[in-house]
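Each chain, letter by letter, is given below.
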Amino acid sequence: MSWDRQIVVKSAHEITIMREAGRITAEGLAAVKAIIRPGITTGDLNAAFEDVLKKYNIYSPFKNYPGPYPYPASICTSINDELVHGIPGKRKLKEGDIISVDAGVVYQGFVGDSAFTVGVGEISPEAQRLLDVTEKSLEVGIAQMVDGNRVGDVSSAIQRYVEKHGFYVVREYTGHGVGRQMHEGPSVPNYGTPGRGMVLKNGLTIALEPMVLVGTSRTRVCSDGWTVASKDGSLTAHFEHSVAITPQGPQILTTL
Ligand code: MF3
Ligand code: CO
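From a predicted model like this one, the values you see are computed outputs, not experimental measurements. (Residues numbered from 1 in each chain as written. Chains lettered and ligands numbered in written order. Predicted model: local features only at pLDDT ≥ 70, side-chain atom pairs only at ≥ 80, totals over all residues. Heavy atoms only, no water.)

1. Observations regarding the nonpolar core
Stage number 1. Counting residues in hydrophobic clusters, the biggest one holds 65 residues, and the most contacted among them are Ile36 and Ile99.
Stage number 2. Excluding anything up to four places from it in sequence, isoleucine 36 contacts Leu45, Leu93, Ile99, Val101, Phe116, Val118, Gly119 and Val120. (Core = buried A, V, L, I, M, F, W, Y, C linked by side-chain atoms within 4.5 Å. Buried < 20%, exposed > 50% of the residue type's maximum accessible area, 1.4 Å probe, protein only. Contact = heavy atoms within 4.5 Å.)

2. Focus on the pattern of salt bridges
Stage number 1. Following the criterion strictly, the structure yields 10 salt bridges and no others.
Stage number 2. Notably, a salt bridge pairs glutamate 27 with arginine 23, separated by 3.1 Å at the nearest N-O pair. In this pair, glutamate 27 and arginine 23 both sit in helix α1 (residues 12-34), four residues apart, roughly one turn of the helix.
Stage number 3. The class of glutamate 27 is buried, set by a relative accessible area of 17%. (Salt bridge = Lys/Arg side-chain N within 4 Å of Asp/Glu carboxyl O. Helix = DSSP H or I, 4+ residues; strand = E, 2+ residues; numbered from the N terminus.)

3. Focus: the coordination of the cobalt ion (ligand 2)
Stage number 1. Distances from the cobalt ion (ligand 2) to its protein donors, namely Asp113 (OD), His176 (NE2), Glu209 (OE) and Glu240 (OE), fall within the range 2.0 to 2.3 Å.
Stage number 2. Written as a sequence motif, the donor arrangement for the cobalt ion (ligand 2) is D-x62-H-x32-E-x30-E. Residue aspartate 113 is located in strand β4 (residues 110-119), and its partner histidine 176 is located in strand β6 (residues 175-177); the two are separated by 63 residues in the primary sequence. As far as the burial class goes, aspartate 113 and histidine 176 line up, both buried. (Donors = N, O, S within 2.8 Å, 3.2 Å for Na, K, Ca; no water.)

4. Quick look at the packing of aromatic side chains
Stage number 1. Applying the stated criterion across every chain yields a total of two aromatic pairs.
Stage number 2. Consider the rings of tyrosine 69 and tryptophan 226, whose centres lie 6.5 Å apart with planes at 85°: the pair is edge-to-face. Taken together, the positions of tyrosine 69 in the loop between α2 (42-56) and β1 (75-79) and tryptophan 226 in the loop between β10 (219-221) and β11 (228-230) put the pair 157 residues apart, joining distant regions of the chain.
Stage number 3. Taking relative accessible area as the criterion, tyrosine 69 reaches 33% and is therefore assigned partly exposed.
Stage number 4. With a centroid separation of 5.0 Å and an interplanar angle of 80°, the aromatic rings of tyrosine 71 and tryptophan 226 are classed as edge-to-face. Of the two residues, tyrosine 71 sits in the loop between α2 and β1 while tryptophan 226 sits in the loop between β10 and β11, which places them 155 residues apart along the sequence. (Phe/Tyr/Trp six-rings, centres within 6.5 Å; stacked < 30°, edge-to-face > 60°.)

Here it is as structure tokens:
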């Protein structure tokens, strides 16, 4: 699986295209974020993202992605104990929920892939702390994405930051190279050892995605075959950016 995925170095021109793919991904995620409130359904969120896809006449790399059955939507919506790959539908958001929205686009042959987690109305202090720590762990990981560093420097920075705050990182799912394919090499886990793993090079583009759990690192796959949730039912969060490693340092592609 991840270990035989191709590692592809991008030219400056290709990174320019990926920056636009990333910008559109961010535009779609912002449109989704703007309508999150108690009572709205996850299907409504998927529709809001698809409106942005239609505006650019492009599609989502998530739609029909191979799995237990082809992925049936353009975004993933994962609520509370659900970590990733939740399928949007009729479920209504409730005050106090936290929801991860993960989305991507294919623009001129290149993929943008990004996710955020946000509270619905007022949330508990513990939920807020989880969101803050997870988002900050993404920043801490991105700061390590410089030419000459190794994958383990990125991975271990995320792990150390998360565990220092008493939370857990997932083991079964990882960040990944991103480009013409949504999932390219290298695989970038959220745990690791400094100085180990592949050496990072300018021109690599990587979707870094800390997935953090309050009570355990263990997960289970739900009965729909796609949704991944914490094994103990504890809260989870997920943030993701597609990032280019450049001579000027790490550049976040999935931003407005
Ligand atoms: N953004 C997810 C990832 O990084 C992909 C969603 S899974 C899919 O792996 F099935 F919805 F495509
Ligand atoms: Co991803």
